[in-house]
Amino acid sequence: MTNTFFARSILILCASLFASSAFAANSNNNPNNAEYTGWSWSGHVDHINIDKQAAAEQWIKDTATAVGGSAEYYSSKTENTLVLGASFLFYRDNAEFAQYVEDYWGDIDYSESDANAFMLFAEYGPKYRFGQDNMTFVTVRGGISGILGSERSISDCRNCYSEDIDIEGGVYGVLGIGQTLGSLDLSLQFQQYFSGDLDNSIRFKISGAF
């Protein structure tokens, strides 16, 4: 399957579930309530390890940083949760280039390239709560990701030179642990990839129902 297929599948699933959430009767995220259902929202920061051979072939270092956000659909009727999200990846580049760029005011600047990408992902699996007042939790999920717009280019320049960076997402597993503090969940997650060009990643995540 291609990254385009991953992206379209995730976007279609996202649109369908967001539409259905409009009919949810109760959106309270308090884990102590007998019944609740709805969406929570989160932001995250990732440290990503890339397959060394794939990174060398694309002239990037084998680690990257990502920042992004996601929506998580939860219900007291099941321990399983669905996560739909996106991340911006910032590669550490070994093949930067530069060129003179004319800005919107006609000034000429000498600008250097950046190496970035955009990732869409979906995850599904259980969240088990335990401990005092059920405020501690572990997550075990399966996920799939697709990387789009992966390139080496100069920002804000329409006609500048650019190069594709051929790094692919894939199927992965998630294992995480977290703690509820008031209306926020703080968690640390490890992701292990089983396909694609990413090896694994560590994610720090803050989420809550707003």
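Residues numbered from 1 in each chain as written. Predicted model: local features only at pLDDT ≥ 70, side-chain atom pairs only at ≥ 80, totals over all residues. Heavy atoms only, no water.

(A) Representation of the side chain of Thr37. If you trace the backbone, Thr37 turns up in strand β1 (residues 37-50). Separated by 3.2 Å, the side chains of Thr37 and Tyr73 make a polar contact. One polar contact links the side chain of Thr37 to the main-chain carbonyl oxygen of Tyr74, over a distance of 3.2 Å. (Helix = DSSP H or I, 4+ residues; strand = E, 2+ residues; numbered from the N terminus. Polar contact = N/O pair within 3.5 Å; in protein donor to acceptor, adjacent residues only side chain to side chain.)

(B) Molecular detail of a nonpolar patch on the surface. A contiguous nonpolar patch, built from Phe130, Ile177, Leu184, Leu188, Phe190, Ile202, Phe204 and Ile206 and spanning about 690 Å² of accessible area, is present on the exposed surface. Those elements that place two or more of their residues in the nonpolar patch are β10 (184-193) and β11 (198-208). Residue placement: Phe204 occurs in strand β11. Since its relative accessible area comes to 42%, Phe204 is described here as partly exposed. (Patch = residues over 30% accessible without salt bridge, like charges linked within 9 Å, V, L, I, M, F, W, Y side chains within 5 Å. Areas by Shrake-Rupley, 256 points an atom, 1.4 Å probe, with all protein chains shown as cover. Salt bridge = Lys/Arg side-chain N within 4 Å of Asp/Glu carboxyl O. Buried < 20%, exposed > 50% of the residue type's maximum accessible area, 1.4 Å probe, protein only.)

(C) Highlighting the nonpolar core. Within the largest apolar cluster, 21 residues are counted, with the highest numbers of intra-cluster contacts made by Ile50, Leu89, Tyr91, Ile147, Ile167 and Leu198. Breaking this core down by element, the ones donating at least two residues are β1, α2 (52-57), β2 (60-75), β3 (80-93), β6 (114-130) and β9 (171-181). With four residues, the single largest contributor to this core is β6. When near neighbours in sequence (up to four residues on either side) are disregarded, Leu89 contacts Ile48, Thr65, Ala66, Ala115, Asn116, Ala117, Met119 and Ile147. One finds Trp39, Leu82, Leu84 and Ala122 within the second-largest nonpolar core, a separate group that totals five residues. (Core = buried A, V, L, I, M, F, W, Y, C linked by side-chain atoms within 4.5 Å. Contact = heavy atoms within 4.5 Å.)

(D) How the structure looks around unusual backbone geometry. Phi angles above zero are rare outside glycine, and Trp59 is one such case at about 60°. Structurally, Trp59 is set in the loop between α2 and β2. Positive phi is not limited to glycine here, since Asn134 has a value of about 55°. By the secondary structure assignment, Asn134 is in the loop between β6 and β7 (136-153). Residue Asn134 is classed as partly exposed on the basis of its relative accessible area, which comes to 32%.

(E) Structural context of the environment of Leu89. By secondary structure assignment, the location of Leu89 is in strand β3. What makes Leu89 buried here is its relative accessible area of 1%. Taking the C-alpha atoms as reference points, Leu89 and Gly68, 21 residues apart in sequence, are found 8.8 Å from one another.

(F) Broad picture of the packing of aromatic side chains. According to the stated counting rule, one finds six aromatic pairs in the structure shown. Seen from their ring centres, Phe88 and Phe118 are 5.2 Å apart, and the 55° between their planes marks the pair as tilted. You can see Phe88 sitting in strand β3 and its partner Phe118 sitting in strand β6, a full 30 residues away along the chain. For Phe88, a relative accessible area of 48% corresponds to the partly exposed category. We classify Phe118 as partly exposed; its relative accessible area is 27%. Cluster of aromatic residues (ring-pair linked, three or more members): Trp39, Trp41 and Tyr73. (Phe/Tyr/Trp six-rings, centres within 6.5 Å; stacked < 30°, edge-to-face > 60°.)

(G) Inspection of the pattern of salt bridges at higher detail. A complete count under the given rule lists eleven salt bridges for this structure. The partner of Lys52 in a salt bridge is Asp62, and the shortest N-O contact between them spans 2.5 Å. Remark: Asp62 occurs in strand β2 and Lys52 occurs in helix α2; sequence separation between them is ten residues. On the basis of relative accessible area, Lys52 is assigned to the exposed category, the value being 58%. With a relative accessible area of 25%, Asp62 lands in the partly exposed category. Across the pair Asp185 and Lys127 runs a salt bridge, and its minimum N-O distance is 3.8 Å. A residue pair is termed long-range when its members are at least 10 positions apart, and Asp185 in strand β10 and Lys127 in strand β6 qualify at 58 residues. Owing to a relative accessible area of 16%, Lys127 belongs among the buried residues under this scheme. In the salt-bridge network here, residues are joined through shared partners; they are Asp46, Glu72, Glu123, Lys127, Arg129, Arg141, Asp185, Arg203 and Lys205.

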